[in-house]
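# Overview (structure and organization)
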Amino acid sequence: MWLLINLSKEYTTKITYYVTFDKLPQDKILQEAPDNKMKFLVKGNGFKLLGANFSSKKLSFLIDKLKSKNESDFYLLTETKKREIQNQLRSGLELMEIIKDTIHFKLGTLKTKKIAIIPNVSLNYKIGFGLEEIVVSPDSILISGPELQIDKIQSIRTEKKEFKDLNEDISNQLPLKLPEGTKDVKMSHSLVGINVKVDKFTEGSFEIPIEIENTPKNVVFNTFPKKVKITYRVGLKNYNKITADLFKVTCDYNKTKEANIDYLVPRLQKSPELISSVRITPKKIDFLIHK
């Protein structure tokens, strides 16, 4: 009886409701979702308040008419929505106050952008084999969503996948993964095809003449040796595409002076993209200067 007597009395208390924001202007989209929980000061008897606390009912704010600070910042004065919210409360509850007096919104337009796909794969090969190329199909997709979100995305990676002991071409489909924290963004594709082309690798080599940079005027440089040996790895399919003129090796005399050493250091300035694991022999070049 004591409980029934107390529940029949009127109280004023704060209740938290989940809220939604409906009827957004047609030419706008939410860039960032506002908090979906708000506190309301309501009055009613204990029975009604108890029921409200356990209710899953959501309250809706109509936001078709917002005030604006600039092109993207909008706000709503909740005082203007008291009657609208009162009509949604359970019978017997009276809305006294919406605790938050202003709700801020970041609005923008729906944006679509073409974005590159980056395969997130770990590749391990059998001895003597290596990567020829990775083909992604499609290599780009369209994403659409709030402008603020779309502008942050520069590329999309696939989910991570590991391939071991490769000695032949493989094909697979991998899901795409939006960057963490991305919301309300749609992709034109959820899967992309990954084709890993594998080739048997061999070694090749050339003797390349050395070019000397930043030599003093009116002097003659003699290097020993005059050429260096370039050794590299290349796939058998591309072996005949590699020629000596695709390489350039230089020695910078200024670097030698700055380091206070008595030899030149050869550096690879140009090489074809089809090769890997390049070595230069020797690593030190002796020289004489004739004035």
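Let me sum up the structure you'll find in this document. Just so you know, these numbers come straight off a predicted model, no measurement behind them. (Residues numbered from 1 in each chain as written. Predicted model: local features only at pLDDT ≥ 70, side-chain atom pairs only at ≥ 80, totals over all residues. Heavy atoms only, no water.)

### Remarks on the overall build of the protein
When you go through the protein residue by residue, the secondary structure sums to five helices and 23 strands. In summary, the protein has a C-alpha radius of gyration of 35 Å against a globular reference of 19 Å for 291 residues, an excess of more than 25%. The principal-axis extent of the C-alpha atoms belonging to the protein is close to 110 × 50 × 45 Å. Put simply, 73% of the contacts in the protein that link residues at least 6 apart link residues at least 24 apart. (Helix = DSSP H or I, 4+ residues; strand = E, 2+ residues; numbered from the N terminus. Rg over C-alpha atoms; globule rule 2.2 N^0.38 Å. Contact = heavy atoms within 4.5 Å.)

### Section: the side chain of Q88
Along the chain, Q88 falls in the loop between α3 (82-86) and β7 (94-98). At 2.7 Å, the side chain of Q88 forms a polar contact with the backbone nitrogen of S60. With residues near it in sequence (within four places) discarded, Q88 still touches K57, K58, L59 and S60. (Polar contact = N/O pair within 3.5 Å; in protein donor to acceptor, adjacent residues only side chain to side chain.)

### Details of the sheet that holds β7
Judged by pairing direction, the sheet is mixed, and its four strands sit side by side in the order β4-β1-β3-β7 without closing on themselves. With one partner strand each, in any of the chains shown, β4 (58-62) and β7 form the two edges of the open sheet. Taking each pair of neighbouring strands and ignoring which way they run, the sheet shows an average axis angle of 45°. When strand β1 (residues 10-22) meets strand β3 (residues 37-45), the two strands line up antiparallel, connected through nine bridges. Paired with Y18 across the strands is K37, a residue of β3. (Pairing = 2+ DSSP bridges. Axes fitted to C-alpha atoms, helices over the stretch in contact; angles between N-to-C directions.)

### As for the pattern of salt bridges
Throughout the structure, instances matching the rule amount to eight salt bridges. K81 serves as the salt-bridge partner of E84, at 3.2 Å between the closest nitrogen and oxygen. On the basis of relative accessibility, which here comes to 21%, the residue E84 falls in the partly exposed class. (Salt bridge = Lys/Arg side-chain N within 4 Å of Asp/Glu carboxyl O. Buried < 20%, exposed > 50% of the residue type's maximum accessible area, 1.4 Å probe, protein only.)

### Quick word on the packing of aromatic side chains
Summed over the entire model, instances satisfying the criterion amount to ten aromatic pairs. Aromatic side chains F21 and F105 sit 5.3 Å apart centroid to centroid with 85° between the ring planes, which places their arrangement in the edge-to-face category. With F21 in strand β1 and F105 in strand β8 (residues 102-108), this pair connects stretches of sequence that are 84 residues apart. Of the two residues, F21 and F105, neither departs from the other in class, the shared state being buried. Taking 6.1 Å as the distance between ring centres and 50° as the angle between the ring planes, the aromatic pair formed by F206 and F247 counts as tilted. Of this pair, F206 sits in strand β17 (residues 191-213) while F247 sits in the loop between β19 (227-235) and β20 (248-252); the two residues are 41 residues apart in sequence, bridging distant segments of the chain. (Phe/Tyr/Trp six-rings, centres within 6.5 Å; stacked < 30°, edge-to-face > 60°.)

### What to know about the side chain of Q31
Along the polypeptide, Q31 turns up in strand β2 (residues 29-32). In this structure Q31 comes out as buried when scored by relative accessible area, which is 7%. Here Q31 is in contact with K106, L107, G108, T109, P146, E147, L148 and Q149, once residues within four sequence places are set aside.

### What about the sheet that holds strand β5 (residues 67-68)?
Taking strand neighbours across the sheet as the criterion, the four strands line up as β2-β8-β6-β5 in an open arrangement whose pairing is antiparallel. One side of each edge strand has no neighbouring strand; the edge strands of this open sheet are β2 and β5. Pairing analysis gives five bridges linking strand β6 (residues 73-77) to β8, with the strands arranged antiparallel. Note that in β8 the partner of Y75 across the bridge is H104.

### Some details on the environment of Y232
With respect to the secondary-structure elements, Y232 resides in strand β19. According to the relative accessible area criterion, Y232 is buried, its value standing at 2%. Along the primary structure Y232 and S276 are separated by 44 residues, whereas in three dimensions their C-alpha atoms are 6.0 Å apart. Those residues in contact with Y232, other than ones at most four positions away along the chain, are T202, E203, G204, S205, F206, I242, F247, I275, S276, S277 and V278.

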